Amino acid sequence: MSSPTPGPPGPATPDPSGIRVDALLRESSARIGREDAEPLLIHALGVDRAWLFAHATDPVAAATAARVRALVERRAAGEPVAYLTGRRGFWTLDLEVTPDTLIPRPETELLVELALARIGRDAPARIADLGTGSGAIALALASERPAAVVVATDVSKDTLAVAVRNAQAHALDNVWFRRGDWCQALGHDRFDLIASNPPYIADGDPHLARGDLRHEPGRALASGSDGLDAIRAIVQAAPSHLVPGGWLLLEHGLEQGAAIRALMQQAGMVEVATERDLEQRDRVTLGRMPP
């Protein structure tokens, strides 16, 4: 008879001498705050949030507690929680993220909402997401518009690999991936809608040296002396890749709306407008090719 295979370490086989779950959570929260401590414990323990509270008095294996403390120290040193856990939620999706990808943020969901409002539920539309990163925008749109074909592009091979894995994890087979710089990756194709969350921070902006931004890929954050180099390139090329009546939607910084509206109008777009986020900050500017 063969010997039984040992099970994985974790909360199911705790070390009776270990610290309790609730005490480890309090200790971690005192160091980095509860908002960051909870997801790190959930990740290290391999459980969900409900388990964390249902088993608050359970002891934690010593090795697992050490792993939690190591993650807490890395967070205290500034590493983003999303990179420490390798996950970030966006829209209705749980996504893999790595240091090769920008960390998806809730503010970008406005871009998804505005795009969905312009594409019918059952429309066989063609959509492009430029600079897809983790695939957040492309996959959110693909999940909500199953009849559409979504093309997701990125200049980085390693970044595209993350987006591909996320599409596979969510069984989204209406997404295609292309490598290339902004609209160059689209070839001669035309789309009903092009969306992008491009880099829009100015080179040398002090925010790039603060918080999570220190660890995110610089090429996904900064773009020229005024932050608009990538946006200019997209707006200039987009008319050649949009069908008549097709839309271009761009996320941007809170003081860039007027400049981007002018760029879109110069490119011949109509119905140009800037939409604000929940905090009433300019967030997305959109324009349409004349029908």
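Just above, that's the structure.
Notes on the structure follow. (Residues numbered from 1 in each chain as written. Predicted model: local features only at pLDDT ≥ 70, side-chain atom pairs only at ≥ 80, totals over all residues. Heavy atoms only, no water.)

Let's shift gears to the nonpolar core. Residues V112, I127, L139, L141, V175, L193 and L249 are the most contacted members of the largest nonpolar core, which totals 31 residues. Those elements that place two or more of their residues in this core are β2 (93–96), α6 (109–116), α7 (136–144), β4 (149–154), β6 (191–196), β7 (242–251) and β9 (282–288). In terms of residue count, α7 provides more of this core than any other element does, seven residues in total. (Core = buried A, V, L, I, M, F, W, Y, C linked by side-chain atoms within 4.5 Å. Buried < 20%, exposed > 50% of the residue type's maximum accessible area, 1.4 Å probe, protein only. Helix = DSSP H or I, 4+ residues; strand = E, 2+ residues; numbered from the N terminus.)

Along the chain, S28 falls in helix α1 (residues 21–32). Taking relative accessible area as the criterion, S28 reaches 2% and is therefore assigned buried. Apart from residues lying up to four places away in sequence, S28 is in contact with G33, A37, L41, V68 and V72. (Contact = heavy atoms within 4.5 Å.)

Of all residues except glycine, most have a negative phi; of all peptide bonds, most are trans. Even without glycine at this site, W91 takes up a positive phi of about 55°. One non-glycine residue, E271, adopts positive backbone phi at about 55°. Counting through the fold element by element, E271 comes out in strand β8 (residues 270–276). The partly exposed category is assigned to E271, whose relative accessible area is 46%.

For the rest of this paragraph, the subject is the packing of α6 against α7. The geometry of α6 relative to α7 is characterised by a closest axis approach of 10 Å and an angle of 40° between their N-to-C directions. Read as a crossing pair, α6 and α7 show a hand that is right-handed. Together, L111, V112, A115 and L116 of α6 and I137, A140, L141 and E144 of α7 make up the contact between the two elements. (Axes fitted to C-alpha atoms, helices over the stretch in contact; angles between N-to-C directions. Left-handed = near helix turned anticlockwise from the far one by under 90°.)

Inspection of the secondary structure puts A220 in the loop between β6 and α9 (229–237). C-alpha separation for the pair A220 and A123, spaced 97 residues apart in sequence, amounts to 31 Å.

Turning our eyes to something else, we now look at the pattern of salt bridges. Tallied over the full model, the rule gives 24 salt bridges. For E144, the salt bridge identified is with R121, shortest N-O distance 4.0 Å. You can see E144 sitting in helix α7 and its partner R121 sitting in the loop between α6 and β3 (126–130), a full 23 residues away along the chain. Note on E144: relative accessible area 23%, which makes it partly exposed. Accessibility expressed as a relative area gives 44% for R121, which makes it partly exposed. Among the salt bridges present, the one from D154 reaches R219, with a minimum N-O distance of 3.9 Å. (Salt bridge = Lys/Arg side-chain N within 4 Å of Asp/Glu carboxyl O.)

Right, let's talk about the pairing of β8 for a bit. Pairing of β8 with β9, which is carried by five bridges, proceeds in the antiparallel orientation. Along β9, the bridge assignment pairs E275 with V284. Counted between consecutive antiparallel strands, the loop separating β8 from β9 contains five residues, among which Q280 sits at a positive phi close to 60°. (Pairing = 2+ DSSP bridges.)

Strand pairs in the sheet, formed through backbone hydrogen bonds, run parallel or antiparallel to each other. Read from one edge to the other, the open sheet built from seven strands follows the order β5-β4-β3-β6-β7-β9-β8, with strand pairing classed as mixed. Each edge of the sheet is formed by a strand with only one pairing partner; in this case those strands are β5 (175–179) and β8. Taking the axes of each pair of neighbouring strands and ignoring which way they run, one obtains an average angle of 15° across the sheet. Each of β3, β6 and β7 is contacted by α9, which is oriented at about 170° to β7, the strand it contacts most. Here helix α10 (residues 257–266) sits on the sheet in contact with β7, β8 and β9, set at roughly 10° to β9.

The subject of this paragraph is α6. Working note: α-helix, 3.6 residues per turn, so residues spaced by three or four point in the same direction. Counted residue by residue, α6 has six buried out of eight residues, so it is predominantly covered. Among all positions of α6, only L110, L111, V112, L114, A115 and L116 are buried. Buried residues in α6 make contact with β1 (87–90), α7, β6, β7, β8 and β9.

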